[in-house]
Amino acid sequence: MAETLAGRLTAFDVDTDGTLSGRRVWASRSWFAPDGICLDERGRIWVANAITAECILVAEGGAVVDRVATSQTCFACMLGGADRRTLYTVTAPTSTESVVSGGRDGRIEQARVAVAGAGRP
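Conventions we followed
- Residues numbered from 1 in each chain as written.
- Predicted model: local features only at pLDDT ≥ 70, side-chain atom pairs only at ≥ 80, totals over all residues.
- Heavy atoms only, no water.
- Pairing = 2+ DSSP bridges.
- Helix = DSSP H or I, 4+ residues; strand = E, 2+ residues; numbered from the N terminus.
- Axes fitted to C-alpha atoms, helices over the stretch in contact; angles between N-to-C directions.
- Salt bridge = Lys/Arg side-chain N within 4 Å of Asp/Glu carboxyl O.
- Buried < 20%, exposed > 50% of the residue type's maximum accessible area, 1.4 Å probe, protein only.
- Core = buried A, V, L, I, M, F, W, Y, C linked by side-chain atoms within 4.5 Å.

A closer look at the sheet that holds strand E6 (residues 54-58)
Then, number 1: Overall, antiparallel pairing links the 4 strands, which are arranged E4-E5-E6-E7 in an open sheet. With one partner strand each, in any of the chains shown, strand E4 (34-39) and strand E7 (64-69) form the two edges of the open sheet. Strand-to-strand twist in this sheet, taken as the mean axis angle between neighbours without regard to direction, amounts to 25°.
Then, number 2: For E4 and strand E5 (residues 45-49), the ladder comprises 4 bridges, and the chain directions are antiparallel. Within E5, the residue paired with Leu-39 across the bridge is Ile-45.

Below, the structure is given as structure tokens:
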């Protein structure tokens, strides 16, 4: 789970009935506002960092493994395409409603990555 204002990713154990337990910090970083996230096949998390123009791949513990620059601040991401190795990002100049509501500046950007996506959105 992305905790945007806390600057961390939090993980849980999921029981067979869907109950969550074992809450723990999965990654915490400075200058980090995780918004949209998606999982790759190696158990790492692509993170739309909502305070920068980038999407970063984070390993458990917080190490940045890869980085994709975007043209604007990145708010969401997903691995897709036929082989699930296309990283789609949703970007905008800001999340301030009064600024973005009058324009058409949001974008969907894409980049190829080495490891495919896992799980379901």
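With respect to the pattern of salt bridges
Then, number 1: Tallied over the entire structure, the rule returns 7 salt bridges.
Then, number 2: Between Arg-23 and Glu-3 there is a salt bridge, and its shortest N-O distance comes to 3.2 Å. With Arg-23 in strand E3 (residues 20-28) and Glu-3 in strand E1 (residues 2-3), this residue pair connects regions lying 20 residues apart in the sequence.
Then, number 3: The exposed category is assigned to Arg-23, whose relative accessible area is 52%.
Then, number 4: Owing to a relative accessible area of 15%, Glu-3 belongs among the buried residues under this scheme.
Then, number 5: Asp-83 serves as the salt-bridge partner of Arg-85, at 3.7 Å between the closest nitrogen and oxygen.
Then, number 6: On the basis of relative accessible area, Asp-83 is assigned to the partly exposed category, the value being 33%.
Then, number 7: One connected set of salt bridges, linked through shared partners, spans Glu-3, Arg-8 and Arg-23.

Regarding the nonpolar core
Then, number 1: In this structure, Cys-38, Trp-46, Ala-48, Cys-55, Leu-57, Val-68, Cys-74, Cys-77, Leu-79, Leu-87 and Val-113 together form the largest nonpolar core, which totals 11 residues.
Then, number 2: A total of 3 residues in this core trace back to one element, the largest contributor, which is strand E8 (residues 73-80).
Then, number 3: Core analysis: the second largest hydrophobic core is formed by 9 residues, Leu-9, Ala-11, Trp-26 and Val-58 among them.

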